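The lines below spell out each chain.
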Amino acid sequence: MKTLILIPARFSSSRLPGKPLKDDTGYPLIQHVYESAKKSSLGADIVVATDDERIQSVVTGFGADCVMTRSDHESGSDRIAEAAKNLAKEYDVVVNVQGDEPELDPKDIDLVAEIQHELNPFMSTLACRFSEGTETGAGTPLDPACVKVVMGEKLKGYSIEAQRAVYFSRSIVPYPRHNQGMPVCNSEYFMHIGMYAYSPQSIVAFSELNKAYLEKQEQLEQLRAIENNLPIHVGLVEGAVPGIDTPDDYAAFVKRWGSKSL
């Protein structure tokens, strides 16, 4: 299985401008993501896709490949689709690793690529259970920053376990009507992990679909496929560290990284 990992990175994040170049650890954030992706066992080629020359300069400076894309893309998948049109024809699988996931597990990259290669849905992604308990707030099913996924039964006839996605939402789904909208146990809900795998053909096809109602309402790019009745298969993993969206997220990452480095 010949795999291409594409890492979309943009400078103009509304909540954390210049996020890929934040370097309080001594290394830019985008380099942390790249080094984690390199630990995948796939032997994949890795390319950063950006619209900013400052990011390009830093990426090439630490020895990674980088391609420039347009600046008007509204999602990471749209950005890597532009890059894939020129790069991905010789590959079996294209994996979209978000540029703000410095603590991703390389085994998760392997899994999502294997699901895409064996099951051959339109696209593949990952999820994990929320931590047990009934606490509320950040990092729980009631947190709109943590996307929830509802899935069907396990798919049969494959060596890799996966389920078909039914819906993704920032709201708590399914809604616990019997408990006035409050989860009885957080681990009954599944948190979406924003890593995607495509075939070279499906990533280009994704970018050519119109941005539909559900995607516009929830601001979740994967709903573009759901609304067009295109299958998304989901693999379950034990857990995941949240990505970095805000200054507080980044500060927490720096603290964790410092503890590991001692």
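Report follows, based on the coordinates.

All right, on to the nonpolar core then. Judged by nonpolar contacts, the single largest core of 39 residues is most densely connected at Ile5, Ile7, Val59, Val95, Val97 and Ile109. Mapped onto this core, the elements with two or more residues apiece are strand S1 (3-9), helix H1 (29-38), strand S2 (45-50), helix H2 (53-61), strand S4 (93-96), helix H4 (106-119), strand S5 (123-129) and strand S8 (190-198). Top element by residues in this core is H4. It accounts for six residues. Setting aside anything within four residues of it in sequence, one finds valine 59 in contact with Ile30, Val48, Ala64, Asp65 and Cys66. In terms of nonpolar packing, the next biggest core, distinct from the first, is built from 31 residues, Val47, Val149, Ile203 and Leu220 among them.

Our next topic: unusual backbone geometry. Omega for the bond connecting valine 173 with proline 174 falls within 30 degrees of zero, at -5 degrees, which places this linkage in the cis form. Residue placement: proline 174 occurs in the loop between strand S7 (163-169) and S8. The phi angle at glutamine 180 is positive, at roughly 55 degrees, despite the residue not being glycine. Looking at the element boundaries, glutamine 180 is found in the loop between S7 and S8. The phi angle at asparagine 229 is positive, at roughly 60 degrees, despite the residue not being glycine. Owing to a relative accessible area of 65%, asparagine 229 belongs among the exposed residues under this scheme.

Here aspartate 78 lies in helix H3 (residues 76-87). In this structure aspartate 78 comes out as buried when scored by relative accessible area, which is 10%. Those residues in contact with aspartate 78, other than ones at most four positions away along the chain, are His73, Phe206, Ser207 and Arg224.

Okay, the pattern of salt bridges next. Scanning all chains against the criterion turns up twelve salt bridges. Each of the salt bridges in this network shares a partner with another, and the network as a whole consists of Lys19, Asp100 and Asp245.

Parameters and conventions
- Residues numbered from 1 in each chain as written.
- Predicted model: local features only at pLDDT ≥ 70, side-chain atom pairs only at ≥ 80, totals over all residues.
- Heavy atoms only, no water.
- Core = buried A, V, L, I, M, F, W, Y, C linked by side-chain atoms within 4.5 Å.
- Buried < 20%, exposed > 50% of the residue type's maximum accessible area, 1.4 Å probe, protein only.
- Helix = DSSP H or I, 4+ residues; strand = E, 2+ residues; numbered from the N terminus.
- Contact = heavy atoms within 4.5 Å.
- Salt bridge = Lys/Arg side-chain N within 4 Å of Asp/Glu carboxyl O.

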